[in-house]
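# Coordinate inspection notes
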Amino acid sequence: MKKVEVTIKNKAGLHARPSSLFVQTASKYDSDINVIFDDEVINGKSIMGLMLLAAEQGRVLTLECDGEDEEEMIADLIDLIEVKKFNEE
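What counts and what doesn't
- Residues numbered from 1 in each chain as written.
- Predicted model: local features only at pLDDT ≥ 70, side-chain atom pairs only at ≥ 80, totals over all residues.
- Heavy atoms only, no water.
- Helix = DSSP H or I, 4+ residues; strand = E, 2+ residues; numbered from the N terminus.
- Rg over C-alpha atoms; globule rule 2.2 N^0.38 Å.
- Buried < 20%, exposed > 50% of the residue type's maximum accessible area, 1.4 Å probe, protein only.
- Contact = heavy atoms within 4.5 Å.
- Core = buried A, V, L, I, M, F, W, Y, C linked by side-chain atoms within 4.5 Å.

## Remarks on the overall build of the protein
- Across its full length, the protein carries three helices and four strands.
- The secondary structure elements of the protein, listed N-terminal to C-terminal, are β-α-β-β-α-β-α.
- Since a compact globule built from 89 residues should have a radius of gyration of about 12 Å, the 11 Å found for the protein is in line with a globular shape.
- Referenced to the eigenvectors of the C-alpha coordinate spread, the extents of the protein come out at roughly 35 × 25 × 20 Å.
- Looking at the protein as a whole, 42% of its 89 residues are labelled buried.

## Considering helix 1 (residues 16-26)
- Buried residues of helix 1: Pro18, Ser19, Leu21, Phe22, Val23, Thr25 and Ala26, and no others.
- Buried residues belonging to helix 1 abut strand 2 (32-37), helix 2 (47-53), strand 4 (60-66) and helix 3 (70-83).

## Regarding the nonpolar core
- With 25 residues, the main nonpolar core has Phe22, Ile33, Val35, Leu50, Leu61, Leu63 and Phe86 as its most contacted residues.
- Elements with a contribution of two residues or more to this core: strand 1 (2-7), helix 1, strand 2, helix 2, strand 4 and helix 3.
- A total of five residues in this core trace back to one element, the largest contributor, which is helix 3.
- Here Leu63 is in contact with Lys2, Lys3, Val4, Val6, Phe22, Ile33, Asn34, Val35, Ile74, Leu77 and Ile81, once residues within four sequence places are set aside.

This is the structure in structure tokens:
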């Protein structure tokens with residue numbers, strides 16, 4: 001199991017489109033993923049769960065991955081969230 005913290009960097013935060021991109025990216029992998037935010041734990045492959053978090057710019061999410069391809073999943077999600085900023089900027 002691998003656990004990392006990521007910071008939401010895009011200005012609009014974790015709304016519908018970024019949530020969709022997150023789920024699309026996570027769903028490419030067999031590993032399980034939980035997203036932890038303000039004591040809420042949700043399945044990272046659930047778009048509704050992610051949208052309900054309503055995480056704003058600057059907020060920190062903990063990604064908890066478990067599975068054979070967890071390293072690749074984490075790397076892709078970090079790139080999407082912190083580097084590409086959900087392709088919004």
